[in-house]
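# Commentary on secondary and tertiary structure
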Number of protein chains: 2
Amino acid sequence: MAQDPISLRDVLIEAGIALLEEGGMQALTLRQTAARAGVSHAAPAHHFDGLPGLLTAMAAHAFKLFADAIHSGREAGGTDPLQRLLGTTEGYLTFASQHAGLFHLMFISPQVNRADPVLGPHATRAYQILREACQPFGDGTPDETLELAVWSMVHGYAMLGFTADDPQRRPFHRRPTFAELLAELLAGRQIPVINPLAPASDTR
Amino acid sequence: MAQDPISLRDVLIEAGIALLEEGGMQALTLRQTAARAGVSHAAPAHHFDGLPGLLTAMAAHAFKLFADAIHSGREAGGTDPLQRLLGTTEGYLTFASQHAGLFHLMFISPQVNRADPVLGPHATRAYQILREACQPFGDGTPDETLELAVWSMVHGYAMLGFTADDPQRRPFHRRPTFAELLAELLAGRQIPVINPLAPASDTR
DNA sequence: CGGAATTGCTTGACAGTGTCAAGTAGCTGT
DNA sequence: ACAGCTACTTGACACTGTCAAGCAATTCCG
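As a starting point, this report considers the structure included with it.

Rules of the game
Residues numbered from 1 in each chain as written. Chains lettered and ligands numbered in written order. Predicted model: local features only at pLDDT ≥ 70, side-chain atom pairs only at ≥ 80, totals over all residues. Heavy atoms only, no water. Buried < 20%, exposed > 50% of the residue type's maximum accessible area, 1.4 Å probe, protein only. Helix = DSSP H or I, 4+ residues; strand = E, 2+ residues; numbered from the N terminus. Contact = heavy atoms within 4.5 Å. Near = heavy atom within 4 Å. Polar contact = N/O pair within 3.5 Å; in protein donor to acceptor, adjacent residues only side chain to side chain. Nonpolar A, V, L, I, M, F, W, Y, C, P; charged D, E, K, R; others polar. Axes fitted to C-alpha atoms, helices over the stretch in contact; angles between N-to-C directions. Parallel < 35°, antiparallel > 145°, perpendicular 65-115°, else oblique. Buried area = accessible area lost by both parts, 1.4 Å probe. Salt bridge = Lys/Arg side-chain N within 4 Å of Asp/Glu carboxyl O. Least-squares fit on C-alpha atoms with pLDDT ≥ 70 in both.

### A few points about helix H5 (residues 100–107) of chain B
Among the eight residues of H5(B), seven are classified as buried, and the element is accordingly described as predominantly covered. Within the span of H5(B), buried status applies to Gly101(B), Leu102(B), Phe103(B), His104(B), Leu105(B), Met106(B) and Phe107(B). Contacts from the buried residues of H5(B) go to helix H7 (144–163) of chain A together with helix H1 (8–27), helix H3 (50–76), helix H4 (81–98) and helix H7 (144–163) of chain B.

Below, the structure written as structure tokens:
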């Protein structure tokens, strides 16, 4: 074959994502996925180990998109450490709200086999981005307490955003933004200067 | 014995909880619940509006248990404001780990009808307990930023505890405790004294 | 070059699920 | 006594995931 034709495996993953984003986890079934991909209902069994296998492969794909999202969020934050961390968390939250189904797959669905090694690399990459964004606020070495504090807070903020989508039931007069929460968390820390070693030079 | 005031409705809720705690959300089906309650497979339809109705009723029950759990956690914290807040969050986390299925029902399951008014009272009561535990760390009035920061952090900590149950994949050398995370969050705050004689005349 | 094995998918079946329609036993109110 | 109502049962239907068998095309290899 001259060119590698798109494998049914990838088509199925795309079809599954489409179903997930259209109708949530309820709509994501093996048979519907196969139908959308234009194959028979048992075809997916030859590429994935049942429904959990398909969901796990989709979760792996989702982790890659997720790591890309928080990476570009960090890059959008420029060079200022606080803006970089904020951009990272904004990427986190934007992905969670724009791809709620994939987020659910990545962090919640009990059908995903979390021991599968295909999940590891991109999940680790995503965490490394968060870790590096936290680094300037520590004493130079990785501060696991700060990392987990930021991670827990942004993750919880995203999850609570899903749950309390009924405005009337929200206990807040005005829901604080995550930036305010992060400022609260970092209030006890020294905010690092932008370029501590070099002589004062403006940002371009 | 002679009088049998236990309604089938309550029996079904208990049966559902038993199934949920034994086999997770996968095992919680209408028909299994009916079978465990000793009735026919269509009996639940006369007490709940389908499976979502049963799950919503179970979630309401769960919110009551949850509010009780964080209430006793707060009481166990004694009178010191920090210990009270810590006890509250510990109650939160203990409930989440010991009743993972109910926690999933309360905050995650898309089948639960979150607009149902039966969810409101106990969910509100739970949040009020958290709010009051945060109050001493504010300037006297409810500080919604601090409340949401604490809530997001404890919620995210609980959720991440579910996800990353594979020790090998955890990015931490030693997973920081939630008390350490809370200390990090409160590091920018004045820790209130235990028995303030003039509560409102604190430093400003 | 030609059978044989493998791959990729289809077809068909089965048990299990939620939901609906119809039926029934038992109690209640008049 | 009788009608009506409540609480459930029975049966059916469409849909689900999974498995076994089959089949056509490709690849292997002797």
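### Observations regarding the protein's contact with DNA strand D
In the neighbourhood of DNA strand D, 18 residues make up the surrounding shell, with Leu30(A), Arg31(A), Ser40(B), His46(B) and His47(B) lying closest. In DNA strand D, the atoms that sit within 4 Å of the protein are 44% sugar and phosphate, with bases accounting for the remainder. A distance of 2.7 Å separates a phosphate oxygen of DNA strand D from a polar atom in the backbone of Leu30(A). At 2.6 Å, a side-chain N or O of His47(B) approaches a phosphate oxygen of DNA strand D. For the surface near DNA strand D, the secondary structure elements donating two or more residues are helix H2 (30–37) and helix H3 (50–76) of chain A. Residue composition of the surface near DNA strand D, grouped by class: eight nonpolar, eight polar and two charged.

### Details of the packing of helix H4 (residues 81–98) of chain A against helix H5 (residues 100–107) of chain A
Residue and element names in this part refer to chain A. At a minimum axis separation of 5 Å, H4 and H5 run at an interaxial angle of 105 degrees. Compared by their axis directions, H4 and H5 come out roughly perpendicular. Seen from H4, the contacting residues are Tyr92, Phe95, Ala96, Ser97 and Gln98; seen from H5, they are Ala100, Leu102, Phe103, Met106 and Phe107. Considered class by class, the residues forming the contact of H4 with H5 number eight nonpolar, two polar and no charged.

### Focus on the environment of Cys134(A)
Residue and element names in this part refer to chain A. By the secondary structure assignment, cysteine 134 is in helix H6 (residues 120–134). We classify cysteine 134 as buried; its relative accessible area is 4%. Between the C-alpha atoms of cysteine 134 and glutamate 147, which are 13 residues apart in sequence, the distance is 6.3 Å.

### Some details on the interface of chain A and chain B
Contacts between the two partners involve 41 residues from chain A and, on the opposite side, 41 residues from chain B. Buried area between chain A and chain B, both sides added, is near 3,700 Å², and the carbon and sulfur share of it is 66%. For the interface between chain A and chain B, the tally reads zero salt bridges. At the boundary of chain A and chain B, one finds six residue pairs in polar contact (both at pLDDT 80 or more). If you list the elements that add at least two residues to the side of chain A that touches chain B, you get H5, H6, H7 and helix H8 (178–186) of chain A. Counting residues per element, the side of chain A that touches chain B draws most heavily on H7(A), which supplies 15 residues.

### Side note on the relation of the copies chain A and chain B
For the match of chain A to chain B, the screw axis carries a shift of 0.0 Å, the RMSD comes to 0.0 Å, and the turn is 180 degrees. What we have between these two chains is a two-fold relation. Mapped onto chain B, 100% of the interface residues of chain A are again interface residues, and the two copies thus contact each other with one and the same surface.

### A closer look at the pattern of salt bridges
Pairs can form between side chains of opposite charge whenever their charged atoms are close. Enumeration according to the criterion identifies 16 salt bridges over all chains in this entry. Note that Glu75(A) is salt-bridged to Arg74(A), the shortest N-O span being 2.9 Å. Taking relative accessible area as the criterion, Glu75(A) reaches 42% and is therefore assigned partly exposed. Look at Arg74(A) and you get buried, because its relative accessible area is 11%. A salt bridge links Glu22(B) to Arg36(B); its shortest N-O distance comes to 3.1 Å. One end of the pair, Glu22(B), is in helix H1; the other, Arg36(B), is in helix H2 (residues 30–37), and 14 residues separate them in sequence. The class for Glu22(B) is exposed, based on a relative accessible area of 56%. A relative accessible area of 43% places Arg36(B) in the partly exposed class. Bridged by salt links that share partners, the residues Lys64(A), Asp68(A) and Arg125(A) form one connected network.

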